[in-house]
Amino acid sequence: MSLDTGRPVKPAFWPTAILLVGAAYALFPVYWLVSASTKGAGELFTTSTMVPSFTGGFFQNLSDLLSFNDGAFLVWSGNSILFSVGGSVLATAVAAAAGYGLAKFEFRGKQVVFTFLLIGVLIPGVVLAIPQYLLLSKIGIAGTYWSVLLPFAISPFSIYLARIYAGAVIPTELLEAGRIDGANEWRLFRSIGLPAMVPGLITIFLLQFVAIWNNFLLPYIMLSREETFPLTVGFYSMMNQGSDQLNVYNLVIIGCLLAIIPLILLFLFLQRYWRLDLVSGSLKG
Amino acid sequence: MQTSRSRLRPRVAPWLFLTPAIVLAAGLMFAPLVYTVILSLQGRKVPASGIGVATEVFVGLDNYVAALTNPALLGSFLRMLAYALLSVPLTMGLALVFALLLDNLSTRFARFSRISIFVPYAVPGVIAALMWGFMYLPGVSPVGELFTLWGWPVPDPLSGGSVFLAVANVSIWGGIGFNMVILYTSLRGLPQEIYDSARLDGCSEIQLALRIKLPLILPGVILTGLFTIIGALQVFSEPNMMMTLTNSITSDWVPMMLVYRDAFVTNDLYGASASAIVITAVTMIASLGLLRLLRNRAFGNES
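Residues numbered from 1 in each chain as written. Chains lettered and ligands numbered in written order. Predicted model: local features only at pLDDT ≥ 70, side-chain atom pairs only at ≥ 80, totals over all residues.

### A word on the overall build of chain A
Right, on to step 1. Along its length, chain A carries 14 helices and zero strands.
Right, on to step 2. Relative to its length of 285 residues, chain A is extended, with a C-alpha radius of gyration of 24 Å against a globular reference of 19 Å.
Right, on to step 3. The dimensions of chain A, computed from C-alpha atoms along their principal axes, are 75 × 70 × 30 Å.
Right, on to step 4. Across the 285 residues of chain A, 44% fall into the buried class.
Right, on to step 5. In chain A, once contacts between residues fewer than 6 apart in sequence are set aside, the share between residues at least 24 apart is 72%. (Helix = DSSP H or I, 4+ residues; strand = E, 2+ residues; numbered from the N terminus. Rg over C-alpha atoms; globule rule 2.2 N^0.38 Å. Buried ≥ 20, exposed ≤ 12 C-beta atoms within 10 Å, placed from the backbone. Contact = placed C-beta atoms within 7 Å.)

Below, the structure is given as structure tokens:
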């Protein structure tokens, strides 16, 4: 009999208190952002940012943000969604095929290929992005959406996870039975491998989605035209225009708030689709 | 017989499944790295007359000598080290403590705490840098008014030595939640029965956490720790964004910012490439060496 199902455990003060302090630390900046977003143009530096203002600042900031540079904020939001969805669909598809190939076949050179694909994790992003930019310039696609989507399509960590997951959930006997019955390899992948891998692939998709949504470096190096920026680079360009436009800080603050709320909600909703035991290495088939 | 054996051990199929990954990795990871090496061995030569088009020439290891003797690169390394020594232990330590506390049966509000601490994972690093950056500004600082009330000068976290903690705080804030959830998932994956006998033997919850749970999730700790270290070595976005708010973060604050500046702002692509290769080598040696060290410590002579 397990103790945790037997009798109720007495609540303890310190573990609860320490965790609640951690929760306060995590949520505090979000509260501050909400409060600061209600500050009108002159109020940010003159009134307490811990207490929200109800002087109409919030809606003024909102309409100023939406009209900033002819609606740049909405364009950047759309680009962020495009990069995140497109990049993570591509990365997940590439990782699914590669992970399946690595997990379910024995062939010469497998370890070499695996190492070759993984080593990318260790190359710093800037080191990779600069020559990527130069090479993509040579073939004329630097500055386009593809110059961001293509580098995101190859994710060493996703391939690593897909390999582990495919190895754990796809029954080898079923594949061999299929081969004896004469099914071709593509069909085996489609009808046996892929369906079994779906929960793992959803996790890989979500991890990659957040990684791209949060990424700043690659689009920052690849893109030069404002209408192609994602939100992260857009905010940077706003900040870099300096505060000669007086309320640029107010606009960035409300922009940040609008940018993070949907993702936080999405996460709360998607939590149960996560198979994080995949990442923690405690996967049980 | 021959045909059925080759059907059961396909030779071409695995390569077809791996083709997209290999092509992308070759074109977007391997080729750029080789290209950087080539650039790092070249330089720009202006005709002796001083007029005309500069040409690319092979200069051997000149750029490497220049990079290794560049005090700015060394300075950026030391700052990155100071930042990493703050951010990595604090991120991992807090993530581990929180994960163990979440797994503790007598903890209340565990679900609320877990979800709250995970929230910053959904916030892009540059937005986190902006949020904290605004809060650090003495004029906007949430604690500033308290200091004014007491007649003290309002502190500026971005000045002096505290700038390291100020930047590290941004990545600690963003990094704890994900690592905590991974470690917590590891803990939940352990067979719960093993705790019962320890409890019956009078083992306290703290002893249970440190002597039984922690050793069992060590592989997860090493993996998340390694990713945290790699992230710290490559830090770029957060200090780069905070540069727009303060003068104490310079454009060569960490190695990645220095490489970016040399490549795109001062247009010294060849020198930047040499610095980039040096940094990559240091990063790889540090991460792989650390991985080996941790593995040996954790698993003894098993592997």
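### Looking at the overall build of chain B
Right, on to step 1. Regarding its fold elements, chain B presents 14 helices and two strands.
Right, on to step 2. Against the 2.2 N^0.38 benchmark of 19 Å for 303 residues, chain B shows a C-alpha radius of gyration of 25 Å, more extended than a compact globule.
Right, on to step 3. Taking the principal axes of the C-alpha coordinates as reference, chain B spans close to 90 × 90 × 35 Å.
Right, on to step 4. Per-residue burial for chain B yields a buried fraction of 44% across its 303 residues.
Right, on to step 5. Of the contacts made within chain B by residues no fewer than 6 positions apart, 68% connect residues no fewer than 24 positions apart.

### Concerning the domain arrangement of chain A
Right, on to step 1. What the domain assignment reports for chain A is domain 1 (13-55) and domain 2 (72-229 + 257-280).
Right, on to step 2. A C-alpha centroid distance of 35 Å is found between domain 1 of chain A and domain 2 of chain A. (Domains from an automatic or database assignment.)

### Focus on the nonpolar core
Right, on to step 1. Ala 98 and Cys 256 of chain A are the most contacted members of the largest nonpolar core, which totals 165 residues.
Right, on to step 2. The element contributing the most residues to this core is helix 8 (residues 162-188) of chain B, with 15 residues.
Right, on to step 3. Both domains that furnish three or more residues to this core are identified here as domain 1 (13-55) and domain 2 (72-229 + 257-280) of chain A.
Right, on to step 4. In contact with Ala 98 of chain A, other than residues within four places in its own chain, are Leu 117, Ile 159 and Ala 162 of chain A together with Phe 17, Leu 18 and Ala 21 of chain B. (Core = buried A, V, L, I, M, F, W, Y, C linked by C-beta atoms within 7 Å.)

### What about the interface of chain B and chain A?
Right, on to step 1. On the chain A side, the residues contacting the 86 residues of chain B number 86 residues.
Right, on to step 2. Sorting elements by how many residues they give to the side of chain B that touches chain A places helix 2 (residues 13-40) of chain B first, with 16 residues.
Right, on to step 3. Across the side of chain B that touches chain A, the residue classes break down as 58 nonpolar, 20 polar and eight charged. (Nonpolar A, V, L, I, M, F, W, Y, C, P; charged D, E, K, R; others polar.)

### What to know about unusual backbone geometry
Excluding glycine, residues mostly have negative phi values, and the peptide bonds linking residues are mostly trans.
Right, on to step 1. The phi torsion at Asp 70 of chain A lies on the positive side, around 55 degrees, for a residue other than glycine.
Right, on to step 2. Along the chain, Asp 70 of chain A falls in the loop between helix 3 (57-67) and helix 4 (72-104).
Right, on to step 3. One non-glycine residue, Asn 267 of chain B, adopts positive backbone phi at about 60 degrees.

### Here's the deal with the environment of Ile 154 of chain A
Right, on to step 1. Along the chain, Ile 154 of chain A falls in the loop between helix 7 (145-153) and helix 8 (156-169).
Right, on to step 2. For the pair Ile 154 of chain A and Gly 120 of chain A, spaced 34 residues apart in sequence, the C-alpha to C-alpha distance is 9.3 Å.
Right, on to step 3. Setting aside anything within four residues of it in sequence, one finds Ile 154 of chain A in contact with Val 94 of chain A together with Ala 21, Leu 24, Ala 25, Leu 28 and Met 29 of chain B.

### Structural notes on the packing of helix 6 (residues 125-136) of chain B against helix 8 of chain B
Residue and element names in this part refer to chain B.
Right, on to step 1. With their axes 9 Å apart at the nearest point, helix 6 and helix 8 run at an angle of 130 degrees to one another. Classed by the angle they form, the pair helix 6 and helix 8 counts as oblique. Crossing hand, helix 6 versus helix 8: right-handed. Of helix 8, the residues touching helix 6 (which contributes Gly 125, Ala 128, Ala 129, Trp 132 and Tyr 136) are Ala 166, Asn 169, Val 170, Trp 173 and Gly 174.
Right, on to step 2. Its residues placed into classes, the contact of helix 6 with helix 8 shows seven nonpolar, three polar and no charged. (Axes fitted to C-alpha atoms, helices over the stretch in contact; angles between N-to-C directions. Parallel < 35°, antiparallel > 145°, perpendicular 65-115°, else oblique. Left-handed = near helix turned anticlockwise from the far one by under 90°.)

### Overview of the confidence of the model for chain A
Right, on to step 1. A residue-level look at chain A finds 94% of positions with pLDDT of 70 or above and a mean pLDDT of 88.
Right, on to step 2. Low pLDDT, under 50, characterises residues 1-7 of chain A; the predicted model gives this stretch eight contacts beyond four residues in sequence or across chains. (pLDDT = per-residue confidence, 0-100.)

### Overview of the environment of Trp 15 of chain B
Residues and elements named next belong to chain B.
Right, on to step 1. Relative to the elements of secondary structure, Trp 15 occurs in helix 2.
Right, on to step 2. Given 15 C-beta atoms within 10 Å, Trp 15 falls into the partly exposed group.
Right, on to step 3. When the C-alpha atoms of Trp 15 and Gly 174 are compared, they prove to be 39 Å apart, with 159 residues separating the residues in sequence.

### Let's talk about the confidence of the model for chain B
Any residue range with low pLDDT should be treated as having predicted coordinates unsuitable for detailed reading.
Right, on to step 1. Looking at chain B as a whole, the pLDDT averages 88, with 94% of positions reaching at least 70.
Right, on to step 2. For this predicted complex, the interface confidence score (ipTM) comes to 0.88, while the overall pTM stands at 0.89.

### Structural notes on helix 3 of chain A
Residues and elements named next belong to chain A.
Right, on to step 1. All of the buried residues along helix 3 are Gly 57, Asn 61 and Leu 65. The buried residues of helix 3 all sit within an arc of 65 degrees when viewed along its axis, so they share a single face. Looking at helix 3, the residues exposed on the side facing more than 90 degrees away from the buried face are Phe 59, Ser 63 and Ser 67.
Right, on to step 2. Summarising the contacts, the buried residues of helix 3 are in contact with helix 4 and helix 13 (248-270).
Right, on to step 3. Taken from the residues just after helix 3, Asn 69 is the one with a positive phi, measuring 45 degrees. (Arc of directions from axis to C-beta.)

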